[in-house]
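Per-entry structural report
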Protein chains: 2
Amino acid sequence: MTLFARHGYAAVSMRQIEGEVGVQAGALYNYTTDKQSLLFDLFKRHMVDLRTALDAQPPSASPQDRLEAFARFHIRFHLERPQAVFISYMELRNLTPENFRVIEELRRRYEGVLEAILETGRDAGAFHVADTRVTALAIIAMLTGINTCYRSGVRLSLAEVEAIYWDMVRKAVT
Amino acid sequence: MTLFARHGYAAVSMRQIEGEVGVQAGALYNYTTDKQSLLFDLFKRHMVDLRTALDAQPPSASPQDRLEAFARFHIRFHLERPQAVFISYMELRNLTPENFRVIEELRRRYEGVLEAILETGRDAGAFHVADTRVTALAIIAMLTGINTCYRSGVRLSLAEVEAIYWDMVRKAVT
DNA sequence: GTCTATAGATTGATAGAC
DNA sequence: GTCTATCAATCTATAGAC
């Protein structure tokens, strides 16, 4: 994961991986069928963990509370896993077509959760959104971009950044 | 550009590029010193074009108008160049360290324009932003994510999507 | 289950004829 | 300025000894 995040899937050789995990050339194939499945397994685990952790959140009653819970959850989950997040956004095109479809479906289901929250809130008159799908994608793009904050040297605490981002999301849909 | 955007810099061979532009192996080196400079030139041109186009925008008086002009400009510029944008976000780590520094500096200067708009607006009491740097990064992340809208099959017109995104930005900083 | 050795293909880049 | 030929290195993956 570290090597893929740092240099990119295509630029990392099996020999580099072997050196990193402490076996010599060839022995790695006792643990994986090929290089592609190393990438796919990282993707799959990340997406499954994401959904599992989301479903484990305590339920909220109002659309506002559900949106806040989703936003704060998304921010924290992504800030805790910068490498896995990076790979999951950058290496999609290095998945084989069938593996890509699997991951894309998992991603759409996750986005669908936010979309459903926005729909419920809009129908209840709590949110003002022109298009729930577009708005959901915009919110997720903004929240996921939070990882670039720390890469670009912002010196705020996690709680402070979380508060800023949630505040922007709240206002953007009101 | 098409090949790098589709498969990624590291996964594209010089022979693929040669085939695409219609010369045979070897002749390409009459036009470029090496593969790295092909990538760097794409980056540099994109960043220079971005800044040139921004500076060519008609000036606006109020912070609100300046923010709207910036947001709409950013959206349109990025929607018109999905491939160059994709490369400029995905292939940063495939630049050599010295090339990376050049591009990173250009990027920071562009982000600085939005930051300055937010500062002016905040000092004038027009915007409510807790941290101009974090807010600028969040806005740019959201706006740049607009390209995923069309990849994910949203069937709205450019003007409609632009209106939705600008509306979210406007509310988020108010 | 790890090692060495290697197959077979491909890589970026260069040389030299034309 | 394009071509063919090729170098030297590297790639993923496998074979077989231990």
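Quick look at the structure, then. Since the model is a prediction, treat every value here as computed from it, not as a measurement. (Residues numbered from 1 in each chain as written. Chains lettered and ligands numbered in written order. Predicted model: local features only at pLDDT ≥ 70, side-chain atom pairs only at ≥ 80, totals over all residues. Heavy atoms only, no water.)

A few points about the interface of chain A and chain B
Interfaces are often sized by the amount of accessible area the parts lose when they come together. If you look at the interface, chain A gives 38 residues, while chain B gives 38 residues. Together, the buried faces of chain A and chain B total about 2900 Å²; carbon and sulfur atoms form 64% of this surface. Together, Arg93(A), Val134(A) and Lys171(A) form the three largest contributors to the area buried by chain A at its contact with chain B, with a combined 23%. In this structure, Arg93(B) engages Glu91(A) in a salt bridge whose closest nitrogen and oxygen atoms are separated by 2.8 Å. Counting the contacts that link chain A with chain B gives 14 residue pairs in polar contact (both at pLDDT 80 or more). With eight residues, helix H7 (residues 132-144) of chain A is the single largest residue contributor to the side of chain A that touches chain B. When its residues are assigned to classes, the side of chain A that touches chain B shows 22 nonpolar, nine polar and seven charged. (Contact = heavy atoms within 4.5 Å. Buried area = accessible area lost by both parts, 1.4 Å probe. Salt bridge = Lys/Arg side-chain N within 4 Å of Asp/Glu carboxyl O. Polar contact = N/O pair within 3.5 Å; in protein donor to acceptor, adjacent residues only side chain to side chain. Helix = DSSP H or I, 4+ residues; strand = E, 2+ residues; numbered from the N terminus. Nonpolar A, V, L, I, M, F, W, Y, C, P; charged D, E, K, R; others polar.)

Side note on the nonpolar core
Membership of the largest hydrophobic core comes to 101 residues, with the highest contact counts inside it found for Leu67(A), Tyr165(A), Leu67(B) and Tyr165(B). Among all residues touching Leu67(A), those that are not within four sequence positions of it are Leu114(A), Ile117(A), Leu118(A), Phe127(A), Trp166(A), Val169(A) and Val173(A). (Core = buried A, V, L, I, M, F, W, Y, C linked by side-chain atoms within 4.5 Å. Buried < 20%, exposed > 50% of the residue type's maximum accessible area, 1.4 Å probe, protein only.)

A few points about the protein's contact with DNA strand C
Not every one of the 15 residues close to DNA strand C is listed here, only the nearest: Gln24(A), Ala25(A), Asn30(A), Tyr31(A) and Met14(B). Backbone atoms, meaning sugar and phosphate, form 58% of the atoms of DNA strand C found within 4 Å of the protein. Between DNA strand C and the protein, one listed contact pairs a phosphate oxygen with a backbone N or O atom of Val12(B) at 3.3 Å. One of the side-chain N or O atoms of Ser13(B) is found 3.4 Å from a phosphate oxygen in DNA strand C. Looking at the surface near DNA strand C residue by residue, the class counts come to seven nonpolar, four polar and four charged. (Near = heavy atom within 4 Å.)

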